[in-house]
Number of protein chains: 2
Amino acid sequence: MRADARRNREKVLEAARAVFAADGQDAQMPDIAKRAGVGVGTVYRHFPTKEALIEALARDHFERLADGAEATAAREGDPWALLLTLVHACGERCANDRGLAAAVGGNRDILADVAAEQHRLRAATTSLLERGKASGQVRADATMDDVSMLMCSLAKIADMENDGREGFSWRRFADIAFEGLRAR
Amino acid sequence: MRADARRNREKVLEAARAVFAADGQDAQMPDIAKRAGVGVGTVYRHFPTKEALIEALARDHFERLADGAEATAAREGDPWALLLTLVHACGERCANDRGLAAAVGGNRDILADVAAEQHRLRAATTSLLERGKASGQVRADATMDDVSMLMCSLAKIADMENDGREGFSWRRFADIAFEGLRAR
DNA sequence: AGGGAAACGGACTTCGACTTCCACTTTACA
DNA sequence: TGTAAAGTGGAAGTCGAAGTCCGTTTCCCT
């Protein structure tokens, strides 16, 4: 691959990240091209469709999420606090990136393309969840899917907060909903 | 208004209800017209834009939600159970109607148009919330917005469940997240 | 009954997005 | 340096969905 091509590919990815972060899934290709300082043709040379571009970004995002989750799961200490950390990290990222929020709460097509990363994320979360159950802090019937739902709903609330919905706070919501997983 | 016009208006509303329930916000106008057994021109005669049609349906939905909430709030008995009933009713309706789910979790334009109905819903919920606090079942710092966020997230989870997302269950999620409002 | 206004239907227009195409430019290599 | 292949830009093409228009039909009132 030619050097200028590789450079442009990076510029496109970088621009796409920014534009999708700001506008979510309905970011527009010409905007991305303009921001990258290239023509739309160049964008399409590197990513045959908009969906392919979204997928590349989604993979990137989920990789980071999974990395973060594995790092958190590897830490010593209070499982409850670590789980909360993990959930907060998800909220934080979704709040800063509407594209990610859309991907997390999004259609199954995209999620299928990042199945590997998703699996790592689930595995890390599950291990923390089990630790939490063992320590008696997490309710015994909690499942990975419960945490999944929590994360997805969190993505939605973060997105609505970004939309300017009064009184909405993803941090507040995360704290409350997460309490529902506590053993009693 | 002519009799046939009124009849057609009802047919359109009825069809729109069904199509939006099944397809959510991206239901298509020709589909609605076909289902109603009329031409698209007739649909546009009664509702100048797609948005106007959505708004009419949303108002209808929120009216029912508000009515249900007020009825629940007026009942005697355990405030906690009544609040849960109310939250479940919201989930149930969202699960049965993707249009409603989209409206609840949706853009502020639509919600602004049903401000009055939303206000009744909020008022009824608030009164139950206060009863719950007074009885010591609900955490003292809970707010109406917390319940709002819970309902919106519930709409999202119900929608994802309808999308066929494995392991997702709005009832399960409602129960868990709602527990987060319990006083400790 | 009959005339005129209201309503209807659905082909057509518009519009806004994604995507393609190709004349031109840049790079890499002999 | 010259040349062929790779890459570029952005105007034009395509496509799907919303919305319009007008000849035809239906209804209501006298």
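Residues numbered from 1 in each chain as written. Chains lettered and ligands numbered in written order. Predicted model: local features only at pLDDT ≥ 70, side-chain atom pairs only at ≥ 80, totals over all residues. Heavy atoms only, no water.

A.B. asks: Describe the protein's contact with DNA strand C, naming the residues involved and giving the relevant values.
C.D. replies: Looking at DNA strand C, there are 23 residues lining it, with Lys50(A), Arg2(B), Asn8(B), Gly41(B) and Thr42(B) nearest. Sugar and phosphate atoms constitute 70% of the interface atoms of DNA strand C, taking the interface as everything within 4 Å of the protein. Separating a phosphate oxygen of DNA strand C from a backbone N or O atom of Met29(A) is a distance of 3.2 Å. Between DNA strand C and His46(B) there is a distance of 3.3 Å, counted from a phosphate oxygen to a side-chain nitrogen or oxygen. For the surface near DNA strand C, the element with the highest residue contribution is helix H3 (residues 40-46) of chain B, accounting for five residues. Residue composition of the surface near DNA strand C, by class: nine nonpolar, eight polar and six charged. (Near = heavy atom within 4 Å. Polar contact = N/O pair within 3.5 Å; in protein donor to acceptor, adjacent residues only side chain to side chain. Helix = DSSP H or I, 4+ residues; strand = E, 2+ residues; numbered from the N terminus. Nonpolar A, V, L, I, M, F, W, Y, C, P; charged D, E, K, R; others polar.)

A.B. asks: So, the layout of surface pockets: which residues are in play, and what are the values?
C.D. replies: In this structure, the largest pocket encloses a volume near 1,200 Å³. What lines the largest pocket is a set of 35 residues, and nearest its centre among them are Lys156(A), Asp159(A), Ala102(B), Gly105(B) and Lys156(B). Of all the elements, helix H9 (residues 144-162) of chain B adds the most residues to the lining of the largest pocket, at five residues. Its residues assigned to classes, the lining of the largest pocket shows eleven nonpolar, ten polar and 14 charged. (1 Å grid on protein atoms, 1.4 Å probe; cavity = no way out; pocket = protein on both sides within 12 Å on 5 of 7 lines; lining within 4 Å. Points joined across faces, edges and corners; volume = space filled by probe spheres on them.)

A.B. asks: Outline the relation of the copies chain B and chain A, supporting the account with residue identities and numerical values.
C.D. replies: The transformation that overlays chain B on chain A combines an axial shift of 0.1 Å with a rotation of 180°, and the residual RMSD is 0.1 Å. The transformation relating the two chain copies, once decomposed into turn and shift, fits a two-fold axis. Here 100% of the interface residues in chain B have copies in chain A that are interface residues too; the copies meet face to matching face. (Least-squares fit on C-alpha atoms with pLDDT ≥ 70 in both. Contact = heavy atoms within 4.5 Å.)

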